[in-house]
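Observations on the three-dimensional arrangement
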Amino acid sequence: MLTKTFGLVMLLACVAVAQSSSTPARSSEALIRGAAVRTLGGVHPGNPPRFEYRLLATNKTSTMQKEMNQAADAGFRYSGVMGGETAFGGSEVVVVMHKDPANEQRERFQYKLLATSKTSTMQKEMQEAGDDGYEYRGQTIFSSTFGGREVVVILERDREAEKLAWEYKLLATSKTATMQKELSEMGEAGFSFVGVTVASTSLGGKEVVSILRRPRQ
């Protein structure tokens, strides 16, 4: 009788140990599954998000700024920019904007498009926009109808976000060694790089144009 009782006790003890050792594995599996669901955010492969796009093209930069803000008021947001030759429009600035119908944000974003053949003028206009809370979004170079070869910079402001002023630096040189030196100096001063173009401008010839920024001090 004593032997049978001892054996039963040992059997129950083994079962208890087995159950306790398996619990963390099941808990870990549940945590992994839960994290995966949260990461996917409830998006199912059979129901992907849908987007609407609007393509804007013009050879007048003033027209482009107006059309971008009209699209922004309709819920679209900037995606990308490129200047170049199109089949029917000639030399144009082309901007693509997107909208998520499930998360539409009308009249939230505001845009400025700066265009000039003088880098000193661009530096001044960018800083004025930066003081007003505009953030860099993109840049290109194209031949406008009246301005010739121009540097084009697009900036965006979120009307619903807390206003944050930015300090901008525009570097332009025809020598890459000089650009390397100036970029390093700006980096040591806390400026972060945001964009670069390499093309011919009206006054500088073939130049490397880099833009950097840091929070206004």
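Everything here concerns the structure above.
Quick summary incoming for the structure in this document.

Definitions and limits used
- Residues numbered from 1 in each chain as written.
- Predicted model: local features only at pLDDT ≥ 70, side-chain atom pairs only at ≥ 80, totals over all residues.
- Heavy atoms only, no water.
- Phe/Tyr/Trp six-rings, centres within 6.5 Å; stacked < 30°, edge-to-face > 60°.
- Lys NZ or Arg CZ within 6 Å of the ring centre and 35° of its normal.
- Core = buried A, V, L, I, M, F, W, Y, C linked by side-chain atoms within 4.5 Å.
- Buried < 20%, exposed > 50% of the residue type's maximum accessible area, 1.4 Å probe, protein only.
- Helix = DSSP H or I, 4+ residues; strand = E, 2+ residues; numbered from the N terminus.
- Contact = heavy atoms within 4.5 Å.
- Pairing = 2+ DSSP bridges.
- Axes fitted to C-alpha atoms, helices over the stretch in contact; angles between N-to-C directions.
- Polar contact = N/O pair within 3.5 Å; in protein donor to acceptor, adjacent residues only side chain to side chain.
- Expected span 1.5 Å × (residues − 1).
- Arc of directions from axis to C-beta.

A few points about the packing of aromatic side chains
- For the structure on display, the rule yields 0 aromatic pairs.
- Taking NZ or CZ as reference, Arg 213 lies 3.9 Å from the ring centre of Trp 166, over its face.

Comments concerning the nonpolar core
- Among the nonpolar cores identified, the biggest contains 18 residues, and Met 68, Val 95, Met 97, Tyr 111 and Ile 154 are the most heavily contacted of them.
- Those elements that provide at least two residues to this core are helix H2 (61-73), strand E2 (77-86), strand E3 (90-99), strand E4 (109-116) and strand E6 (148-158).
- The greatest single-element share of this core, amounting to 4 residues, is contributed by H2.
- For Val 95, the contacting residues outside a window of four places in its chain are Arg 54, Leu 55, Leu 56, Met 64, Met 68, Tyr 78, Gly 80, Val 81 and Ile 154.
- The next biggest cluster of nonpolar side chains, apart from the first, holds 16 residues, and it includes Leu 114, Met 126, Ala 129 and Ile 141.

Some points on the sheet that holds strand E1 (residues 52-58)
- Here we have 3 strands laid out as an open sheet, ordered E1-E3-E2, and antiparallel in their pairing. Across the chains shown, the open sheet's two edge strands, defined by having one partner strand only, are E1 and E2. If you compare each strand with its neighbour and ignore which way they point, the axes differ by 20° on average.
- Across 7 bridges, E1 lies against E3 in antiparallel orientation. Bridge assignment links Leu 56 to a residue of E3, and that residue is Val 95.

Brief notes about the side chain of Thr 116
- With respect to the helices and strands, the residue Thr 116 is situated in strand E4.
- By relative accessible area, which is 9% here, Thr 116 ends up buried.
- In this structure the side chain of Thr 116 is engaged in a polar contact, spanning 3.1 Å, whose partner is the backbone nitrogen of Lys 118.
- Those residues within four positions of Thr 116 in sequence are excluded, and the remaining contacts are Thr 121, Met 122, Glu 150 and Val 151.

A look at the environment of Ala 165
- Counting through the fold element by element, Ala 165 comes out in the loop between E6 and strand E7 (166-173).
- Sequence spacing of Ala 165 and Gln 127 is 38 residues, and the spatial spacing of their C-alpha atoms is 9.3 Å.

Remarks on helix H3 (residues 119-131)
- End to end, H3 covers 18 Å across 13 residues, agreeing with the expected 18 Å (1.5 Å per residue, within 8%).
- Every buried residue belonging to H3 is among Met 122, Met 126, Gln 127, Ala 129 and Gly 130, and all of these are buried. For H3, the buried positions fall inside an angular range of 160° around the axis, keeping them on one side. Across from the buried face of H3, at angles greater than 90 degrees, the exposed residues are Ser 120 and Lys 124.
- Two residues or fewer past H3, Gly 133 is found with a positive phi of approximately 90°.

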